[in-house]
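Reading the structure
What follows is each chain in one-letter form.
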Amino acid sequence: MGLPGRGLAGGLATTFRTMTRRSITQQYPDVSPDLPPRTRGVIALLEENCTVCMLCARECPDWCIYIDSHKETLPATTEGGRERTRNVLDRFAIDFSLCMYCGICIEACPFDALFWSPEFEYAELDIRELVHERDRLALWMDTVPPPPPLDPGAEEAKEIAAARKAVAAPAPTGDRHGEGAAR
Amino acid sequence: MNAAVTVVFALLGVLAVGSALLVVTTRQVVHAALWLVVALGAVAGCYLLLRAEFVAWVQVLVYVGAVVVLLLFALMLTKAPIGVSEDLDAGLAQRVVAAMVALATGALLVTVLVDGFSGEVIDQGATGGAPAIGASVFRSWVLPFEVLSVLLLAALVGAIVLSRRDVPGAGAADSVAGGR
Amino acid sequence: MSVLDLLLRLVLLLACFLVLPLVVGQIEHKAMAHMQSRLGPMYAGGFHGWAQLVADGVKFAQKEDVLPAAADPWVFRLAPALALLPYLVVLALIPVGAGQAVVSADVGIFLVLAVMGIGIIGTVMAGWASANKFSVLGALRAAAQLLSYELPLVLAAASVAMAAGTLSLPGIVEAWRPWWLLWQLPGALIFLVAGLAELSRSPFDMPVAESEIIFGAYTEYAGLRFALFLLAEYAGIVVLGALTTVLFLGGWKWPFLVGGLGWLWTLVKTLAVAFLVIWLRVSLPRLREDQLQRLAWAWLVPLALVQLMITGVVRVMG
Ligand code: SF4
Ligand code: SF4
C-alpha cells in the first residue's frame, strides 16, 4: 500500500498514459480492416472437387449444409467394359444464419472442395437470403487467399511429407507403417 | 426608497405572505415545502431591497439551500405521497385557533417593529455588506453571539449523544432531535 | 454601465452559458474515449465529430416529452429549470478579466455559494415528482450528499476569503499571489472534491448510479427536459472550474499576457479544471454511500478547519 492515495494516482496515471497512445479503434467502413491470415469469413465451394460424399453435411454440428444429388450412369469407355455410376450435385447450400463458423465441414471434406474466405460483408435484410446456394458459394472461391506460409518450425503438410519420402525411398506398395512413424 | 423599489418591495412582500399562506393551507406535504422555498426567497429579496445584502444571501444559503433541503429530505425519508393527503386537514376549531395565534404573533411582531424602527430611514449609500455586519456582530453584539454559539454547540453535542447507540442509557431514541 | 453595455454582457453571458458546457461535453467525449483507447465520435460535423453534441441537441428536441401518469405535473415540469438557472446566475458573477464580470457583487463568493446550493432543489423536486422509487432514492442521495459536502465547500471558500480579506470575487483575484497556490493548496483540493460531490460527478455519482437506481432523479425525464438536466451538469462543471480558477488559481493573472487578454487565462484555467474533472471520472471508481459520508465528515471538514486555522495564523502574523 504505502502512501494513501497511491492507488488513485496510479489509476490517473494509467488513463493519462492510455490517452497519449494511439487508440485501437478500427475505422471500419472507411478503412477496411486488417484481417489476420486464416480469417473465417465465409465458406467457398469448389464444385469441381466435390464428390457428393456428404461428409461435410453429416459432420456439420447444426446441420446447415443442404446437399441434393442424383446418380448418373456413364457408359463404358471401352468396349465390353463396366458402366460407371457417379454422383452429380443438384444442390449445395449453406445456411449462414445457422452456421457457427466452426470450420468442421472444411476439415471434414476429404477432397478439398471447401475453403475459408475472409469476406464478411454479406449481411442481408431478409434472413432467408443468408442461405447461399452453390452458385454463390462458388463465387466466393475468387476471394479465397493462397494458403499462408506455415509457422516456423511447424510440421510439414502430410501429403508433401509423404511425397518426399516416396521420392527418397520408393517403398513397396502396401506398407503403410512408415507413415505413422514420421509423426 | 424610490418608487420602483417600493413597488418591487411591496410585490415581494405580497409574494412572501401569499406563499406562506399556501405553505399552511396546501394539502400536499411536499408542495408546502416548495412554497416555503418561494416564501423564503421572497423574504431574501426584501432584505436585498433593504440593502441588507449579506443577510439576504445568508437567508438563501442557510434557509433555502440547507434547511429546505433538509426538510425535503426528511419528508421523503418518512412519507411524501404525490397528491393530496387527507390527513393533513384540520378541524374548524383547530383552524380558528391557529389563525388567531398566527394573527396575534404577527400583530405583536409588527407592533414591536413599528415601535422600534418607525421613522428610520435606510441609508441608500451604505450597504449592509459583510464589513458592516462583521463589525457590529464582533463589536457591539459579541456577547450574544458567543452565547448563541455555545447554545448551538450544546444542541450539536445533544444530537450526537442522542444518535449514538454505543452509549449506555442513550441511543434507542428513534426520534433524533433536529437542532438548528 | 450603460444599458447597451449591460445588454452586450448579457448576450455574451448567454452565449458562454450555452457554448462552454457543450465544449466541456465534447472534451469529455473525446478525452474519455482516448483514455479508454477509443476514438469517440468521429462523424458529426466532419472533423473528429466536433458537432456531436449539436446533433444530440437536435435529437433531444425531436423526442417526445413524456410525463408519467402518476407524476406531479407542475413540479415535474419546473424542476429542470430550477436545476439549470442557478448556474447561469453564478456564471454571471464570475470575473473573467480585470473588471470583466457581467454583474459584480460585494459579497460575490457568498452569493455564489448560496445560489449554487439552490440547484439541488431542482434535483430533489425532479426525484419526488417523477412518482418513481428509484428517482426518490436518487434525490435522497443527492440531498444527503449536498448537505454533507456544503460545509467543507463553504469552509474552503471561507479560507480564501479570509486570506484575501474580501468576499468579492474580483477582490480575491486582485489579492491573489502565486505563493497562495501552496498556502491554499488543501483548501483548493477540498473545494474541488466537495464541488465534485455537489455536482454528483464521478467518483461521487451515487445519486445517478446507473447499476442500482437507473439514472436517479432523472430516470423519468426525456427529450428537452432531460437535455436541460444534462446541460445543468456540464454547466456545473464549467462553474466549478471557473470558481476554482477565481478562488484558488489566480483567475486572469499570469506571469505574461496580462492586460486585455486576461480572460483568455481564465478560460484556459477553467478548461484545465474541467479536464481534471473528466479525468477523475474516467479513472476513479464510484464511492459507496458510507465511504462518501466518511470522506466528508472525517476528512474534508477537519482538513478545512485546519486550513482555516493556517490561513488565520498566516494572516495575523503576516
Ligand atoms: S462451419 Fe461448422 S457450422 Fe458452418 S457449415 Fe461448416 S460445419 Fe456447419
Ligand atoms: S465433404 Fe467435400 S466432397 Fe464431400 S460433399 Fe462435402 S464438399 Fe463435397
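Quick caveat: nothing in here was measured; it's all calculated off a predicted structure.

1. Observations concerning the pairing of strand 3 (residues 84–95) of chain A
Here strand 2 (residues 65–74) of chain A pairs with strand 3 of chain A via ten bridges, running antiparallel. If you follow Leu74 of chain A over to strand 3 of chain A, its bridge partner there is Arg84 of chain A.

2. Some remarks on the sheet that holds strand 3 of chain A
The strand order across the open sheet built from three strands is 2-3-5 (chain A), with neighbouring strands paired in antiparallel fashion. Taken across any chain shown, the strands that pair with only one partner, and hence form the sheet edges, are strand 2 and strand 5 (131–132) of chain A.

3. A word on the site of ligand 2
Contacts to ligand 2 come from 14 residues, most closely from Cys50, Cys53, Met54, Cys56 and Cys109 of chain A. Broken down by class, the residue content of the shell around ligand 2 amounts to 13 nonpolar, one polar and no charged.

4. Some words on the packing of aromatic side chains
This model, assessed by the stated rule, comprises 19 aromatic pairs over all chains. An angle of 20° between the planes, with centres 6.1 Å apart, marks the rings of Phe96 of chain A and Tyr101 of chain A as stacked. Each residue in the set Phe60, Phe76, Phe215, Tyr218, Tyr221, Phe226 and Phe229 of chain C is aromatic and connected to the rest through ring pairs, giving one cluster. Taking NZ or CZ as reference, Lys59 of chain C lies 5.1 Å from the ring centre of Phe60 of chain C, over its face.

5. Side note on the side chain of Gln28 of chain B
Relative to the helices and strands, Gln28 of chain B resides in the loop between helix 1 (3–25) and helix 2 (29–49). The class of Gln28 of chain B is buried, set by a relative accessible area of 16%.

6. Regarding the interface of chain A and chain C
Facing 14 residues of chain A, the contacting portion of chain C comprises 15 residues. Buried area between chain A and chain C, both sides added, is near 1300 Å², and the carbon and sulfur share of it is 66%. For the chain A face of the interface with chain C, the top three residues by lost area are Leu12, Thr15 and Met19 of chain A, together amounting to 38%. At the surface where chain A touches chain C, the tally comes to zero salt bridges.

7. Observations concerning the pattern of salt bridges
Residues and elements named next belong to chain A. In this structure the tally under the stated criterion is 14 salt bridges over all chains. Salt-bridge contacts for Glu47 lead to Arg134; the nearest nitrogen and oxygen are separated by 2.8 Å. With a gap of 87 residues between them, Glu47 in the loop between strand 1 (42–45) and helix 2 (55–59) and Arg134 in helix 4 (residues 134–139) connect regions that are remote in the sequence. Judged by relative accessible area, Glu47 falls into the partly exposed class, the value being 28%. A relative accessible area of 24% means that Arg134 is categorised as partly exposed.

8. Some words on the interface of chain C and chain B
Every contact between the two is made by 29 residues of chain C and, on the other side, 26 residues of chain B. Here chain C and chain B share an interface that buries about 2300 Å² over both sides, 85% of which is from carbon and sulfur atoms. Run the count over chain C and chain B and you get zero salt bridges. Here chain C and chain B share one residue pair in polar contact (both at pLDDT 80 or more) between them. Listed by contribution, the elements that provide at least two residues to the side of chain C that touches chain B are helix 4 (108–129) and helix 5 (133–164) of chain C. Sorting elements by how many residues they give to the side of chain C that touches chain B places helix 4 of chain C first, with twelve residues. Tallied by class, the residues present in the side of chain C that touches chain B amount to 25 nonpolar, one polar and three charged.

9. Describing the nonpolar core
Ile109, Ile121, Phe191 and Leu247 of chain C are the most contacted members of the largest nonpolar core, which has 126 residues in total. Leaving out residues up to four positions away in the same chain, Ile109 of chain C has contacts with Ala157, Ala161, Leu167, Leu169, Ile172 and Leu247 of chain C. Grouped together as the second largest cluster of nonpolar side chains are 27 residues, Ile43, Ile65, Ile94 and Trp140 of chain A included.

10. Topic: the arrangement of the chains
Summarising the chain contacts, two pairs of chains touch, and the pair with the most contacts is chains B and C. Structurally, chain A and chain B remain out of contact, their C-alpha atoms never closer than 29 Å.

11. Looking at the packing of helix 1 (residues 6–20) of chain A against helix 1 (residues 3–35) of chain C
Here helix 1 of chain A crosses helix 1 of chain C at 95°, and the two axes come no closer than 7 Å. Taken together, the axes of helix 1 of chain A and helix 1 of chain C are roughly perpendicular relative to one another. Mapping the contact onto sequence places Thr15, Thr18 and Met19 of chain A in helix 1 of chain A and Ala31, His34 and Met35 of chain C in helix 1 of chain C. In the contact of helix 1 of chain A with helix 1 of chain C, the residues fall into three nonpolar, three polar and no charged.

12. Notes on the confidence of the model for chain A
Here chain A shows a mean pLDDT of 84. Residues at 70 or above account for 91%. Segment residues 175–183 of chain A: pLDDT under 50, and four contacts once partners within four positions in sequence are set aside and those in other chains are kept.

13. Let's talk about the site of ligand 1
Taken together, 13 residues surround ligand 1, and among them Cys60, Cys99, Cys102, Gly103 and Cys105 of chain A come closest. Its residues assigned to classes, the shell around ligand 1 shows eleven nonpolar, one polar and one charged.

14. Observations concerning a nonpolar patch on the surface
On the surface, Val96, Leu261, Trp263, Leu264, Leu267 and Val268 of chain C cluster together to form a nonpolar patch covering roughly 440 Å² of accessible area. The topology assignment puts Val96 of chain C in the loop between helix 3 (73–93) and helix 4.

15. Digging into the environment of Gly241 of chain C
All names here are of chain C. One can find Gly241 in helix 10 (residues 223–248). A relative accessible area of 0% places Gly241 in the buried class. C-alpha of Gly241 to C-alpha of Val277: the two residues are 36 residues apart in sequence and 8.6 Å apart in space. Beyond its immediate chain neighbours, meaning those up to four positions away, Gly241 contacts Thr270 and Val273.

Cut-offs and rules
- Residues numbered from 1 in each chain as written.
- Chains lettered and ligands numbered in written order.
- Predicted model: local features only at pLDDT ≥ 70, side-chain atom pairs only at ≥ 80, totals over all residues.
- Heavy atoms only, no water.
- Pairing = 2+ DSSP bridges.
- Helix = DSSP H or I, 4+ residues; strand = E, 2+ residues; numbered from the N terminus.
- Near = heavy atom within 4 Å.
- Nonpolar A, V, L, I, M, F, W, Y, C, P; charged D, E, K, R; others polar.
- Phe/Tyr/Trp six-rings, centres within 6.5 Å; stacked < 30°, edge-to-face > 60°.
- Lys NZ or Arg CZ within 6 Å of the ring centre and 35° of its normal.
- Buried < 20%, exposed > 50% of the residue type's maximum accessible area, 1.4 Å probe, protein only.
- Contact = heavy atoms within 4.5 Å.
- Buried area = accessible area lost by both parts, 1.4 Å probe.
- Salt bridge = Lys/Arg side-chain N within 4 Å of Asp/Glu carboxyl O.
- Polar contact = N/O pair within 3.5 Å; in protein donor to acceptor, adjacent residues only side chain to side chain.
- Core = buried A, V, L, I, M, F, W, Y, C linked by side-chain atoms within 4.5 Å.
- Axes fitted to C-alpha atoms, helices over the stretch in contact; angles between N-to-C directions.
- Parallel < 35°, antiparallel > 145°, perpendicular 65-115°, else oblique.
- pLDDT = per-residue confidence, 0-100.
- Patch = residues over 30% accessible without salt bridge, like charges linked within 9 Å, V, L, I, M, F, W, Y side chains within 5 Å.
- Areas by Shrake-Rupley, 256 points an atom, 1.4 Å probe, with all protein chains shown as cover.

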